[in-house]
Amino acid sequence: MDLSKYTLEDLLLAAMKSEIESFTVYSTIAEKVKNDLLKDKLRFLAKEEQKHKDFIEQVYKAKFPKKTIHIPNTTPVPLPPLIIPDEDTPLSILLKNAMNAEHTAYEFYQSLSKQFTKDENIRNTLSYFAD
């Protein structure tokens, strides 16, 4: 994924937006499923998304200390929107959409990590998010 035409600020805001949406989707699905094992896995994924958002927020604050974080409604960065499913959405569709979003997130975080050539900790953490 070529992210060269986007500013670092746009990329970080897009990442936070994506993590917030992922948290919401996983949490919502977790509340709807009846299988306790699946419910636990979805809650775990939601917590991971929250941790990712918190980390990216810290990076944003370090890079832009004088700015206030404003999560945009839309972003120029090509990340797929995550839609909170309705009650009639089959689980197979939910999982397929989540897997597609996770694949795009993989590509996004791999590319974003390359923006941090001088900060090994941030680069490695973003690569970890991709994995």
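Heads up: the structure comes first, above all this text.
Basis of the calculations
- Sequence order sets the numbering: in each chain, residues are counted from 1 along the sequence as written.
- Since the coordinates come from a predicted model, pLDDT governs what is reported: local features require at least 70, and pairs of side-chain atoms require 80 or more to be given and counted, while whole-chain, interface and lining totals use all residues.
- Hydrogens are left out, water is left out, and the side-chain values use all remaining heavy atoms of the structure.
- Axis lines are fitted to C-alpha atoms, over the contacting stretch for helices. Their N-to-C directions set the angle, which ranges from 0 to 180 degrees.
- In this description a helix means any DSSP run of H or I spanning at least four residues, a strand means any run of E spanning at least two, and both kinds are numbered starting from the N terminus.
- Any angle from 65 to 115 degrees is called roughly perpendicular, while one under 35 is roughly parallel, one over 145 is roughly antiparallel, and all others are oblique.
- For any pair of crossing helices, the crossing counts as left-handed if the nearer helix is rotated counterclockwise from the farther one by less than a right angle, and right-handed if it is rotated clockwise.
- Note on contacts: a residue pair qualifies if any of its non-hydrogen atoms lie within 4.5 Å across the two residues.
- For this classification, Asp, Glu, Lys and Arg are treated as charged, while Ala, Val, Leu, Ile, Met, Phe, Trp, Tyr, Cys and Pro are nonpolar and the rest, including Gly, are polar.
- Multiplying one less than the number of residues by 1.5 Å gives the expected span of a helix.
- For every residue, the accessible area (1.4 Å probe, protein chains only) is compared with the maximum for its type, and the residue is labelled buried under 20%, exposed over 50%, or partly exposed between those bounds.
- In this analysis a 1.4 Å probe is tested at points of a 1 Å grid over the protein atoms alone, and where it fits but cannot get out there is a cavity; an open set with protein on both sides within 12 Å along at least five of seven lines is a pocket; lining residues have an atom within 4 Å of a point.
- Grid points are joined across faces, edges and corners, and a volume is the space filled by probe spheres set on the points.

Caption draft 1: Region of interest: the packing of helix 1 (residues 8-32) against helix 3 (residues 91-113). Running from N to C, helix 1 and helix 3 cross one another at 155 degrees; their axes reach a closest spacing of 12 Å. Here helix 3 runs roughly antiparallel to helix 1, going by the angle between their axes. Judged by the twist between their axes, the crossing of helix 1 over helix 3 is left-handed. Along its contact with helix 1, which presents L8, L11, L12, A15, E19, Y26 and I29, the element helix 3 presents L94, A98, E102, F108, Y109 and L112. Residue composition of the contact of helix 1 with helix 3, grouped by class: eleven nonpolar, no polar and two charged.

Caption draft 2: Spatial organisation of helix 2 (residues 36-63). Taking 1.5 Å as the rise per residue, helix 2 with 28 residues should run 40 Å; its terminal C-alpha atoms sit 41 Å apart, in good agreement. Every buried residue of helix 2 is listed here: K39, L42, A46, E48, E49, H52, K53, F55, I56, V59 and Y60. Tucked into the core, helix 2 has its buried residues touching helix 1, helix 3 and helix 4 (120-130).

Caption draft 3: Seen up close, empty space enclosed by the protein. This structure, assessed with the given rule, holds one cavity of 30 Å³ or more. The space that makes up the largest cavity amounts to roughly 30 Å³. Y26, I29, L38, L42, L91, L94, L95 and A98 are the residues that line the largest cavity. For the lining of the largest cavity, the leading source of residues is helix 3, giving four residues. Split into classes, the residues belonging to the lining of the largest cavity amount to eight nonpolar, no polar and no charged.

So far we have only geometry, and geometry alone does not tell us how the molecule works.
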